[in-house]
Structure formats: C-alpha cells, structure tokens
Amino acid sequence: MLKSNRLLCFVLLACATITAQAQMKWSQNFQNYFDQYKDLAIEQMLRFRIPASITLAQGVFESGAGNSRLAVLGNNHFGIKCHDWTGRTITEDDDYNGECFRAYDDAKQSYEDHSKFLSRNQRYARLFQLSIKDYKGWARGLKDCGYATNPNYANKIIDIIELYRLYQYDEAKSYDRFIAQHSGKDQPVKKGGNLHPIKLYNKNYYLFAREGDTFKSIGQETELSGKKIARYNERDYNDVLHEGDIIYLKKKQKRAIKTFKNRPHTVKAGESMYSIAQLYGIRLKDLYKMNDFTPDHNIRVGEIIRIY
C-alpha cells in the first residue's frame, strides 16, 4: 500500500511538472507573439482607432500565437472568413467542414485587413464610439456584434489583455499618432505641397528627404523637434539634406532586424559606415562596435560588415 501511494505521488508530481512546463512554454509563445507584433498593432490602432490590446489579444487567440494552420499557411491571424473576399483563400474546418478563409502574403496584410474589416463593417460601427482605452467594452462589443460564436470569447480576450498587460500598448504618444495617420501616403498640408510618406522599419519611423528639406522643416511637418531628429540621425541640426537621404524620427536601434542575423552587408561602391548605418536603422557607434572598427576605419568595396 505504501509503495502504491509513493508511485501515485510520483505520477501526480510528474504530470504536474509536465503541465507546468507546457504552460510555461505556451506563455512564452504568447509573449514572443506580442514582442513580434506589438509595433504593428500600435500602428493599426493609430490609423484606425482600434485598441492595440484588442488587436494583439485577438491575434494571439485566433492564431494560436501564430502557430495555427491558418496563420502558418495563410498568414491569417484573425480567423476572418472569405465573405466578399477576392484574394487568395485557404480552407479550414470551423463551424462546418472546409470553410473558406482569407489568405495573405504576410502578417502585415492580415493585420491591415482586420482593421479594415472592423472599421468598414457597419455591424461594428458602435465600437468606434468607445474610448480607445476601453478594452473591456471593445471585447464585449466584439462578442455582442457577432465576431465570434464562442460564448466566453469576451472574457478570454480580457483575460489575455490583463494577464500580459497589453493595455500598456493603448497609450500612444501624439507624434506616433501623427506619423501613423500619414504613414505610406501623401496628404495635403496647410502650407501647400504634400507630406512625406512615412514608413516603418526596425522599430522606427523614417522618411526620405527631398531637395530643400531641413531638419527644421521636417520637424515642423511631423510636429517633432528638428534638433532631436538631427540627433537621432547623428547629424548636425544645420546640415544640408539631399534628395533620398534617410531620416529617422526616433532613436535608431543597436542592430539590424533579426532577418540579418546571419546575413552581413557587403560594401558597395560609394557607401560609408554612416550610409550603411542609415540603411539598416542602426546607430553608427554600435555599427563600429559590432565590427571592432575605430571611427577612422576606411571601409573598402567588397568588405563584409556585420549588422546584427
């Protein structure tokens, strides 16, 4: 009897350990997902007024932290079905076998389509009357408006948001809102002409300078400090800018995006350490440090430069 009890305790302890390990791995998968897509969710929030916390919680829940068949094969992170869709499709069993779901080229398209799906569908119109910080109202509203058939959908979304503190991403800075609203498109401005198209790369916003631009004029357009913009780009405030110069609007990163972890840069004719740093959104001093170069190092065509 004693041996039997010991065996039972051992089995229960082993099961508990396995369960805890599985839960820890699943939790890490969730956190990895949020780290990967939080900037995209914030960008969508600032453009469409959908809380980033809601977008992230829906994305991680609907896609199984990016590991579902729909997400892996179709880049569909939100379980949106075909309806009037004319793009690529993928079939998956849901309420019925072999249902039609939308498929995308990448996750960004899925996030963009999710925002448009909600903002352009009259069914969800009342949600946009809520505060952008009212994630509970949004979660319950999505369920009430028929986004999902799961009766516990709202509670699950709220639980994810609160467990991982996703509501912190609903706090947007004013200049981020300005940038995201005008991201990737020209818009008229009061003084005439067009705004610079602003893009997102390596956790930063950037634009291409036009001939005649100054850090002061870019600062006025973006409602940022021109002196800070010059500092972010490791330039003097009075420097002359030229057509095509890459201008970042936030402090640059210490290394390139993870895609370049095992892909160093090969120096081309006309490049400098500074131009390479700008190309990948890296701080110049960190680029020197990565390569064990001193500031007076002269690079040559064909030289291999580490960027990650």
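In what follows, the structure referred to is the one given above.
Note that the structure is a prediction, hence the values are computed from the model and not measured. Every chain is numbered independently, its residues counted from 1 as its sequence is written. Two thresholds apply to this predicted model, a pLDDT of at least 70 for residue-level local features and 80 or more for giving and counting side-chain atom pairs, whereas whole-chain, interface and lining totals are computed over all residues. Calculation of side-chain values draws on the structure's entire complement of heavy atoms; hydrogens and water are dropped beforehand.

Regarding the overall build of the protein chain
Piece 1. The number of helices and strands found in the protein chain is 11 helices and 7 strands.
Piece 2. Buried residues are those whose accessible area, probed at 1.4 Å on protein chains only, stays under 20% of the maximum for their type, while exposed residues exceed 50% and partly exposed ones sit between those limits. Counting the 308 residues in the protein chain, one finds 43% classified as buried.
Piece 3. Two residues form a contact once any of their heavy atoms are found within 4.5 Å. Within the protein chain, contacts between residues separated by at least 24 positions form 57% of all contacts whose residues are at least 6 apart in sequence.
Piece 4. Summing over all exposed atoms, the protein chain offers an accessible surface of approximately 17,700 Å²; the carbon and sulfur share of this is 50%. Secondary structure elements follow DSSP: runs of H or I of four or more residues count as helices, runs of E of two or more count as strands, with numbering from the N terminus. Per-residue accessibility takes into account occlusion by the displayed protein chains alone, with areas from the Shrake-Rupley method and a 1.4 Å probe.

Focus on the sheet that holds strand 3 (residues 199-201)
Piece 1. Pairs of strands are assigned from DSSP output, requiring at least two bridges between the strands. Judged by pairing direction, the sheet is antiparallel, and its 3 strands sit side by side in the order 3-4-5 without closing on themselves. Looking at which strands have only one partner, the edges of the open sheet turn out to be strand 3 and strand 5 (246-248). Going across the sheet, the axis of each strand differs from the next one's by a mean of 40 degrees, ignoring polarity.
Piece 2. Direction of pairing for strand 4 (residues 204-208) relative to strand 5: antiparallel, over a ladder of 3 bridges. Its bridge partner being in strand 5, Leu-207 is matched across the sheet by Ile-247.
Piece 3. To get an axis, fit a line to the C-alpha atoms, keeping to the stretch in contact for a helix; angles then go from 0 to 180 degrees between the N-to-C directions. Helix 10 (residues 273-280) rests against strand 3 and strand 5 of the sheet, and its axis sits at about 60 degrees to strand 5.

Considering the state of the cysteines
Piece 1. Put simply, a disulfide is two cysteine sulfurs that come within 2.5 Å. For the structure shown, the criterion picks out 1 disulfide.
Piece 2. Paired through a disulfide, Cys-82 and Cys-100 show a sulfur-sulfur distance of 1.9 Å. Its S-S torsion of approximately -70 degrees makes the covalent link between Cys-82 and Cys-100 left-handed. Taken together, the residues span a long stretch of sequence, with Cys-82 in the loop between helix 3 (69-74) and strand 1 (89-92) and Cys-100 in strand 2 (residues 99-102) at a distance of 18 residues.
Piece 3. Classification of Cys-100 as partly exposed rests on a relative accessible area of 35%.

Read these as layout, nothing more, since geometry by itself doesn't imply function.
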